[in-house]
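Summary of structural features
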Amino acid sequence: MPPDSGGLDYSVETPDRSPTRISKPRPSPRVMGPLTMRDAYSGTESDRALIDTILFLEKKPQVDVSIKKKFDRCEAVKMEQSDGISHDSVKGVVKDEYLDYGIKIDDKETESCVDVWSMGLKTENIARVLPGRIMAVRFLPCNDVRMIVAGNKFGNVAFWNMDSKGEEGDGIFLYRHHTGPISGILCQQSCLSKIYTSCYDGFLRLMNAEKEVFDLVYSGRFSSQWILHEDRINSIDFNSQNPNIMATSSTDGTACLWDLRSVNADKAKSLKILNHNRAVHSAYFSPSGSFLATTSADNTVGILGGVNFEDTSMIYHYNQTGRWLSPFRGIWGWDDSSIFIGNMKRGVDVISCSQRRSILTLQSSHMSAIPCRFDAHPCKVGMLAGATSGGQVYVWTSS
DNA sequence: AACCCATGTAGCC
DNA sequence: TGGCTACCCTGGGT
């Protein structure tokens, strides 16, 4: 998080409507639930999203039972050629030197900390956790429990405890958390029980997972605001080395780098603008902070590196997801070596940062849908989650 | 400004 | 098994 709150008003308000737990009953005096079809069709809750959710809970097995094979080793497909790479500049970085942005350049060709070729998809690591399209997926940053948090377009949030197989509900707990699509989920390692969710409805909610208490922490009121883009902002990311440096991506076709210290002034001026030909759906810093990866509807993934991110490489990657899938967003793995991004062939392309090209595709016959949104486990290297528009979550692990 | 089109998934028959 | 339809309300083209 940036050191400056950016003028956001964090005062707590009484929620307009308490989010409601809708999974199988578990004793908790603080929340409503479980809901029934009668609830769904009567009173204020009679909206389509809730009905869909109830129907899903009543009818659908939560783990795909059609899967028969026990274990499917990753069918890694070697990319035949480096398609459409343009190397504008991939050289000339200065080692061990702090530059204008306060970001240390690391040009070492370090060995990747994970063998991406060994990443595989086990059937027990596949589950349908939600109805409808998953908009955001996150691992709980915890070494002890493999817990996944996913949010869908209806405003539901699911918790999937991957370690509680065979238990009631297969370790999947579903909450009605928001009234619109979940735009983001934030879990912090320092306090695992606090999970923030943001929503298209303008609300930011904090869930205390231990007590199952939900609080509205932010309701869209600004004491100040910045106009950074001409169109919708699709992603915000902060540099791990210098949290004053922020990256945004926008439907206006640009990804921008900002210095929050100067953005606080009247006029916002970006440090750098990367122009794409179409909407930019993500701009994420690499774990070390030395690189920025952008994903755009113009069918490119951009990698910015070098001194003040002046070296730009545009890598061809087909990103036309159409109307029913969430746009792809290339995420970084566990170091600066690779970027993971979904493809339209029900696979996950792994882009090598140093080679500036796709080096392999993770594929599996058990994937019935295209994974669009991803998260790399912050504690477990090689554990990657992908979420689909059908509510499934796939979790790859490396051997 | 109005309209049209493509896109993938799941559930139903 | 396969064909049909609802979903959805984007983003680009005409």
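Residues numbered from 1 in each chain as written. Chains lettered and ligands numbered in written order. Predicted model: local features only at pLDDT ≥ 70, side-chain atom pairs only at ≥ 80, totals over all residues. Heavy atoms only, no water.

Under the heading Sequence similarities (unreviewed entry), UniProt records this for chain A: "Belongs to the WD repeat DDB2/WDR76 family." (UniProt positions renumbered as here; feature names shortened; annotations may be inferred.)

Structural notes on the nonpolar core
Formed by 35 residues in total, the largest nonpolar core has its most connected members in Val116, Met119, Phe340, Leu362, Leu384 and Trp396. If you list the elements that add at least two residues to this core, you get β5 (119-128), β20 (300-305), β22 (331-332), β23 (338-343), β24 (347-352), β25 (357-363), β26 (371-376) and β28 (392-398). (Core = buried A, V, L, I, M, F, W, Y, C linked by side-chain atoms within 4.5 Å. Buried < 20%, exposed > 50% of the residue type's maximum accessible area, 1.4 Å probe, protein only. Helix = DSSP H or I, 4+ residues; strand = E, 2+ residues; numbered from the N terminus.)

Notes on the side chain of arginine 356
You can see arginine 356 is positioned in the loop between β24 and β25. Aspartate 311 provides the closest opposite charge to the buried, unpaired arginine 356, separated from it by 6.2 Å. In this structure the side chain of arginine 356 is engaged in a polar contact, spanning 2.9 Å, whose partner is the side chain of serine 313. (Lys, Arg positive; Asp, Glu negative; His and termini not counted. Salt bridge = Lys/Arg side-chain N within 4 Å of Asp/Glu carboxyl O. Polar contact = N/O pair within 3.5 Å; in protein donor to acceptor, adjacent residues only side chain to side chain.)

Concerning the sheet that holds strand β16 (residues 254-259)
An order of β14-β15-β16-β17 is seen for the 4 strands of this open sheet, with the pairing classed as antiparallel. Of all the strands in the sheet, the pair left with one neighbour each is β14 (233-238) and β17 (272-275). Along the sheet, successive strands turn relative to each other by an average axial angle of 15°, direction set aside. (Pairing = 2+ DSSP bridges. Axes fitted to C-alpha atoms, helices over the stretch in contact; angles between N-to-C directions.)

Remarks on the packing of aromatic side chains
The way to describe two aromatic rings as a pair is by their centre distance and the angle between their planes. Here the structure, examined in full by the defined rule, presents 5 aromatic pairs. Ring centres 5.7 Å apart and planes at 55° place the aromatic pair phenylalanine 285 and phenylalanine 309 in the tilted group. Linking phenylalanine 285 in strand β18 (residues 280-285) with phenylalanine 309 in the loop between β20 and β21 (311-316), this pair joins segments that are 24 residues apart in sequence. A single burial state applies to phenylalanine 285 and to phenylalanine 309, both of which are buried. (Phe/Tyr/Trp six-rings, centres within 6.5 Å; stacked < 30°, edge-to-face > 60°.)

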